[in-house]
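# Structural overview
Here's the letter readout for the chains.
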Amino acid sequence: MNHSSYQLCWIFVVYSFIGWCAGVVVNAVQKRKFVNTGFMSLTFCPSYGLGAVLYSIFLPELRENWLFLFVAGAVMGAVQCILTGVVLQRIFHRRWWDYSKKRFQFDGYLHIGHLIVFGFSALFIFWIGNPLLFRVLSWMPKFIGHIFLLGIFFLMILDCIVSSVAVLQLKIRLRPMEQFTENMQKMTNELGNALTARIQRRMLRAYPNLESDKSRERERTKQKPVVFAKGCCFYKLVWLFLIGAFLGDIVETIFCYLTDGVWMSRSSVVYGPFSFVWGIACALLTGLLYKYKDKNDRYMFFAGTVLGGTYEYICSVFTEIVFGTVFWDYSDIPFNLGGRINLLYCFFWGIAAVIWFKGIYPKLSALIEKIPKRTGIVVTWLCIGFMLVNAALSGLALSRYDERQREDMIQQTEEPDSLSRFLDKHFPDERMERIYPNAKTVNEGI
């Protein structure tokens with residue numbers, strides 16, 4: 001990562017303000033009046049600030065290639081816009097914006113104009129905005145900058161809390177009207193039931209078989225089976241993650257053997273053949289594209305190619321930042337982007353999306369839903385616990401492995417603590433290199 005946490009905080013604040021100004025100006029031009037389009041009362045829109053931070057973390061390698069930077073900015077901005085809209089809708093049970101009447105829109109969350117704006121925003125951030133911001137920060141004493149940040153973040157958090165409470169109160173205020181409507185409907189139903197009850201009793205006296213038919217219908221209703229993980233719910237996505245992580249590891253291992261003639265571990269964790277990249281991809285892409293699973297193959301191929309390539313690029317940058325290690329490098333493959341992704345494998349993501357939604361997912365979903373509900377819930381949480389411990393232990397082992405590589409280059413001056421000795425004993429270099437054969441330690445100077 002090329003930026004410090006201090007710089008990222010200022011990026012968040014400055015672009016939150018710029019995004020708010022842009023939204024107000026656009027709204028003023030369209031409606032010919034001033035409207036605060038932000039969620040907060042202050043002149044900040046945090047979603048724009050968060051987007052600028054994500055751009056600054058994940059896209060600095062693309063600043064010299066305007067086309068890739070534009071496309072990556074458009075895709076990343078679109079994903080963030082959709083996720084923000086979904087989260088707000090889930091929390092407040094209201095859709096905050098709706099572009100469903102626009103042409104070339106996606107589920108009402110954004111349209112093609114947003115993609116163009118997001119792309120040009122990425123160019124502006126790297127070519128004009130960030131250089132100018134960092135120059136101003138270099139003139140400001142750092143302790144003054146910290147004071148400003150603390151004050152701004154305090155006001156933003158306070159404003160966010162007050163705004164959230166106001167929205168929830170608005171929902172509560174509307175509840176009495178909804179309750180009145182429900183009471184009127186209930187009274188109407190009771191009146192109707194009173195009128196029809198006498199007729200029903202008369203019909204049962206005249207036709208006793210109707211009672212037995214009614215009893216059989218009631219019995220069928222009681223015996224209706226309860227389905228585990230129906231639709232695209234939390235439990236279904238967890239199982240898709242587990243199965244996708246396992247199958248992805250197996251498929252990659254076989255692919256490496258067929259292409260390179262070598263059995264090579266492709267696991268993301270120290271225990272078990274699980275590739276988190278594939279597992280998260282199965283769950284994430286299923287969640288994002290579930291509503292469109294019945295679209296034609298070309299649509300799914302294009303969506304899988306774009307989203308899969310973006311996802312793989314973000315995973316590569318994230319693992320390098322967090323673990324200081326590069327787990328794959330496509331520099332030798334034509335049409336690659338910084339060695340993180342390449343065009344051929346992006347097409348593989350597209351093909352995988354088509355095969356997944358048209359062939360694998362329907363059958364896999366049906367099998368998951370056959371699991372008994374109580375058993376499924378218990379097993380799901382046991383697997384979640386196992387994976388969390390497995391991931392945490394893998395992260396510690398990788399971090400210690402990276403430390404050992406650096407200690408080989410410089411003389412060790414401190415005695416390892418108990419945790420380091422445990423990791424050295426159970427996860428030595430030989431085992432780590434067998435689990436992560438393609439892992440490359442990133443030098444600090446890079």
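Residues numbered from 1 in each chain as written. Predicted model: local features only at pLDDT ≥ 70, side-chain atom pairs only at ≥ 80, totals over all residues. Heavy atoms only, no water.

## Focus on the overall build of the protein
Per the secondary structure count, the protein includes 13 helices and six strands. Here the protein holds 446 residues, and the buried ones make up 37% of them. The contacts in the protein between residues at least 6 apart in sequence include a share of 74% that link residues at least 24 apart. (Helix = DSSP H or I, 4+ residues; strand = E, 2+ residues; numbered from the N terminus. Buried < 20%, exposed > 50% of the residue type's maximum accessible area, 1.4 Å probe, protein only. Contact = heavy atoms within 4.5 Å.)

## Let's talk about the nonpolar core
Judged by nonpolar contacts, the single largest core of 40 residues is most densely connected at Ile11, Tyr55, Leu59, Leu62, Leu69, Leu110 and Tyr313. Mapped by element, the contributors of at least two residues to this core are helix H1 (5–31), helix H2 (46–58), helix H3 (66–92), helix H4 (112–139), helix H5 (142–206) and helix H9 (297–323). Those residues in contact with Leu62 that lie beyond four places of it in its chain are Phe68, Leu69, Ala72, Tyr313 and Leu337. Among the nonpolar cores identified, the runner-up in size contains 19 residues, and Ala281, Phe327, Tyr345 and Ile435 belong to it. (Core = buried A, V, L, I, M, F, W, Y, C linked by side-chain atoms within 4.5 Å.)

## As for unusual backbone geometry
Of note in the backbone geometry, Ala229 takes a positive phi value of approximately 55 degrees without being a glycine. Mapping Ala229 onto the fold places it in the loop between helix H6 (209–222) and helix H7 (234–260). Although it is not a glycine, Phe335 adopts a positive phi angle of roughly 60 degrees. Residue position: Phe335 is located in the loop between strand E3 (325–326) and strand E4 (336–337).

## Things to note about helix H10 (residues 343–369)
Compared with an ideal rise of 1.5 Å per residue, which puts 27 residues at 39 Å, H10 spans 36 Å between its outermost C-alpha atoms and is within 8% of the ideal. Roughly 50 degrees is the biggest bend found in H10, and it falls at Ile360, with proline Pro362 one to four residues downstream. Of the residues flanking the start of H10, the one acting as N-cap is Asn342, its side-chain oxygen 3.1 Å from the backbone nitrogen of Leu344. (Expected span 1.5 Å × (residues − 1). Bend = angle between axes of the 7 residues up to and from the residue. Polar contact = N/O pair within 3.5 Å; in protein donor to acceptor, adjacent residues only side chain to side chain.)

## Here we look at the packing of helix H8 (residues 276–289) against H10
Packed helices, taken two at a time, are described by the angle between their axes plus the distance between the axes. Running from N to C, H8 and H10 cross one another at 70 degrees; their axes reach a closest spacing of 12 Å. If you check the angle between H8 and H10, you find them roughly perpendicular. Across the interface between the two elements, Trp278, Ala281, Cys282, Leu285, Thr286 and Leu289 from H8 touch Trp349, Trp356, Phe357 and Tyr361 from H10. Here the contact of H8 with H10 is composed, by residue class, of nine nonpolar, one polar and no charged. (Axes fitted to C-alpha atoms, helices over the stretch in contact; angles between N-to-C directions. Parallel < 35°, antiparallel > 145°, perpendicular 65-115°, else oblique. Nonpolar A, V, L, I, M, F, W, Y, C, P; charged D, E, K, R; others polar.)

## Some details on the packing of aromatic side chains
Under the defined criterion, the tally for this structure stands at 19 aromatic pairs. With 5.4 Å between their ring centres and 75 degrees between their planes, Phe234 and Tyr235 make a pair best called edge-to-face. Residue Phe234 is classed as partly exposed on the basis of its relative accessible area, which comes to 44%. Seen from their ring centres, Tyr330 and Tyr345 are 4.9 Å apart, and the 80 degrees between their planes marks the pair as edge-to-face. Placement of Tyr330 in the loop between E3 and E4 and of Tyr345 in helix H10 is noted, with a sequence separation of 15 residues between them. Judged by its relative accessible area of 11%, Tyr330 is buried. Connected via pairs of aromatic rings, a cluster forms that spans Phe228, Phe234, Tyr235 and Trp381. Residue placement shows Lys142 over the ring face of Tyr6; its charged tip is 5.3 Å from the ring centre. Directly above the ring of Tyr299 sits Lys295, whose terminal nitrogen or CZ lies 5.3 Å from the centroid. (Phe/Tyr/Trp six-rings, centres within 6.5 Å; stacked < 30°, edge-to-face > 60°. Lys NZ or Arg CZ within 6 Å of the ring centre and 35° of its normal.)

## Topic: the environment of Gly244
With respect to the helices and strands, Gly244 occurs in helix H7. Measuring from C-alpha to C-alpha, the distance between Gly244 and Ile280 comes to 7.8 Å, with 36 residues separating the pair along the chain. Ignoring anything within four residues of it in the chain, the contact list for Gly244 reads Trp278, Gly279 and Cys282.

## Quick word on a nonpolar patch on the surface
On the surface, a nonpolar cluster with roughly 910 Å² of combined accessible area is contributed by Phe255, Phe301, Phe335, Leu343, Leu344, Phe347, Phe348, Ile351, Ile355 and Ile360. Here Leu343 lies in helix H10. On the basis of relative accessible area, Leu343 is assigned to the partly exposed category, the value being 38%. (Patch = residues over 30% accessible without salt bridge, like charges linked within 9 Å, V, L, I, M, F, W, Y side chains within 5 Å. Areas by Shrake-Rupley, 256 points an atom, 1.4 Å probe, with all protein chains shown as cover. Salt bridge = Lys/Arg side-chain N within 4 Å of Asp/Glu carboxyl O.)

## Section: the environment of Gly73
Here Gly73 is to be found in helix H3. The exposure class assigned to Gly73 is buried, which follows from its relative accessible area of 0%. Excluding residues that lie within four positions of it along the chain, Gly73 makes contacts with Tyr55, Leu59, Phe118, Gly119 and Ala122.

## Overview of the packing of H7 against H10
Running from N to C, H7 and H10 cross one another at 130 degrees; their axes reach a closest spacing of 12 Å. When the interaxial angle is binned, H7 and H10 end up oblique. The handedness of the crossing between H7 and H10 comes out as right-handed. Judged by residue contacts, Lys236, Trp239, Leu240, Ile243 and Phe255 of H7 engage Tyr345, Trp356, Tyr361, Leu364, Ser365, Ile368 and Glu369 from H10. When the residues that make up the contact of H7 with H10 are grouped by side-chain class, the tally is nine nonpolar, one polar and two charged. (Left-handed = near helix turned anticlockwise from the far one by under 90°.)

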